Amino acid sequence: GLYGGGSISNSLFYNNTSPASSSCLYLGSSTANGGTTAGLNFEMVNTTITNNTGANGNAISMVNAGNSKIKNSIIYGNGSVTPFVITSTGSTVTNSIVEGGQQSGTDSDPLFTDSANDDYTLTCTSPAVDAGSAEGIILPNNDLAGAARINTTLDMGAYEFFVVPTAIDVLT
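Residues numbered from 1 in each chain as written. Predicted model: local features only at pLDDT ≥ 70, side-chain atom pairs only at ≥ 80, totals over all residues. Heavy atoms only, no water.

**Considerations on the pairing of strand 6 (residues 60-63)**
At step 1: The alternating pattern of strand 6 places Ile60 and Met62 on one face and Ser61 and Val63 on the opposite face, and all of these are buried.
At step 2: Bridge analysis of strand 3 (residues 25-28) against strand 6 gives four bridges, and the strand direction is parallel. Bridge pairing links Leu27 to Met62 in strand 6. (Buried < 20%, exposed > 50% of the residue type's maximum accessible area, 1.4 Å probe, protein only. Helix = DSSP H or I, 4+ residues; strand = E, 2+ residues; numbered from the N terminus. Pairing = 2+ DSSP bridges.)

Take a look at the structure:
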């Protein structure tokens, strides 16, 4: 568990199931013994949460987590247009794709390469390509697949879009 704060970056949450709660993350703090609704300081950066099944289609619960920040992430395809359960104010979502547009996220299909076969890399036409922001974040040099994290501009989600050059035959 997190005590007071923590972070997640460059991560992929997929194929998780919870019949009684959110499928992936429960971010919460107690108001007992002097705790406050803003008690949890949490940041999630460049993370993809998809293809999960939670109660009411929820993937993330934020309970008394008013200092939680989600940046450059993709939360899409979890069975609902309301992937968050939020019980306090102050949590922010920036530069992220969120199905249903909850928390001011962009409601747009991220166009994964092959989600039916658990390939959550980005296609060249994905709205997540070059849509992230490096402002105020620290990321590893490589994405989840080991590719350079920033090719031109930071992408959203766990994977940077990466073009693999192919050979071209020249006819003479």
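Don't stop here, the text continues.
**Remarks on the confidence of the model for the protein chain**
At step 1: The predicted model of the protein chain has a mean per-residue pLDDT of 85, with 85% of residues at 70 or higher.
At step 2: Within the protein chain, the element-level pLDDT minimum falls on strand 3, averaging 79, and the maximum on strand 12 (residues 112-114), averaging 97. (pLDDT = per-residue confidence, 0-100.)

**Some details on the pattern of salt bridges**
Where side chains of opposite charge bring their charged atoms close, a pairing between them can arise.
At step 1: If you walk through the whole model with that rule in mind, you get two salt bridges.
At step 2: Residue Glu43 is joined to Lys71 by a salt bridge in which the shortest nitrogen-to-oxygen separation is 3.1 Å. With Glu43 in strand 4 (residues 41-50) and Lys71 in strand 7 (residues 67-71), this pair connects stretches of sequence that are 28 residues apart.
At step 3: Note that Glu160 is salt-bridged to Arg149, the shortest N-O span being 3.0 Å. Of this pair, Glu160 sits in the segment after strand 13 (119-122) while Arg149 is found in the segment after strand 13, placing the two residues eleven residues apart along the sequence. Both residues of the pair, Glu160 and Arg149, belong to the buried class. (Salt bridge = Lys/Arg side-chain N within 4 Å of Asp/Glu carboxyl O.)

**As for the packing of aromatic side chains**
At step 1: Evaluated as defined, the whole model comprises two aromatic pairs.
At step 2: Ring geometry for Tyr14 versus Tyr120: centroids 5.5 Å apart, planes at 55°, classification tilted. You can see Tyr14 sitting in strand 1 (residues 5-14) and its partner Tyr120 sitting in strand 13, a full 106 residues away along the chain.
At step 3: Measuring from ring centre to ring centre gives 5.2 Å for Phe112 and Tyr120, while their planes differ by 85°; the resulting arrangement is edge-to-face.
At step 4: Assessed through its relative accessible area of 14%, Phe112 is described here as buried. (Phe/Tyr/Trp six-rings, centres within 6.5 Å; stacked < 30°, edge-to-face > 60°.)

**Remarks on the nonpolar core**
Nonpolar side chains in soluble globular proteins generally cluster together in the buried interior.
At step 1: Counting residues in hydrophobic clusters, the biggest one holds 18 residues, and the most contacted among them are Leu25, Met44, Ile49, Ile60, Ile70, Ile75 and Phe84.
At step 2: Elements with a contribution of two residues or more to this core: strand 1, strand 3, strand 4 and strand 6.
At step 3: If one sorts the elements of this core by residue count, strand 4 sits on top with three residues.
At step 4: Contact partners of Ile60, with chain neighbours within four places excluded, come to Ser22, Leu25, Leu27, Met44, Ile49, Ile70, Ile75, Pro83, Phe84 and Val85.
At step 5: Listed in part, the twelve residues of the second largest apolar core include Tyr76, Ile97, Val129 and Tyr159. (Core = buried A, V, L, I, M, F, W, Y, C linked by side-chain atoms within 4.5 Å. Contact = heavy atoms within 4.5 Å.)

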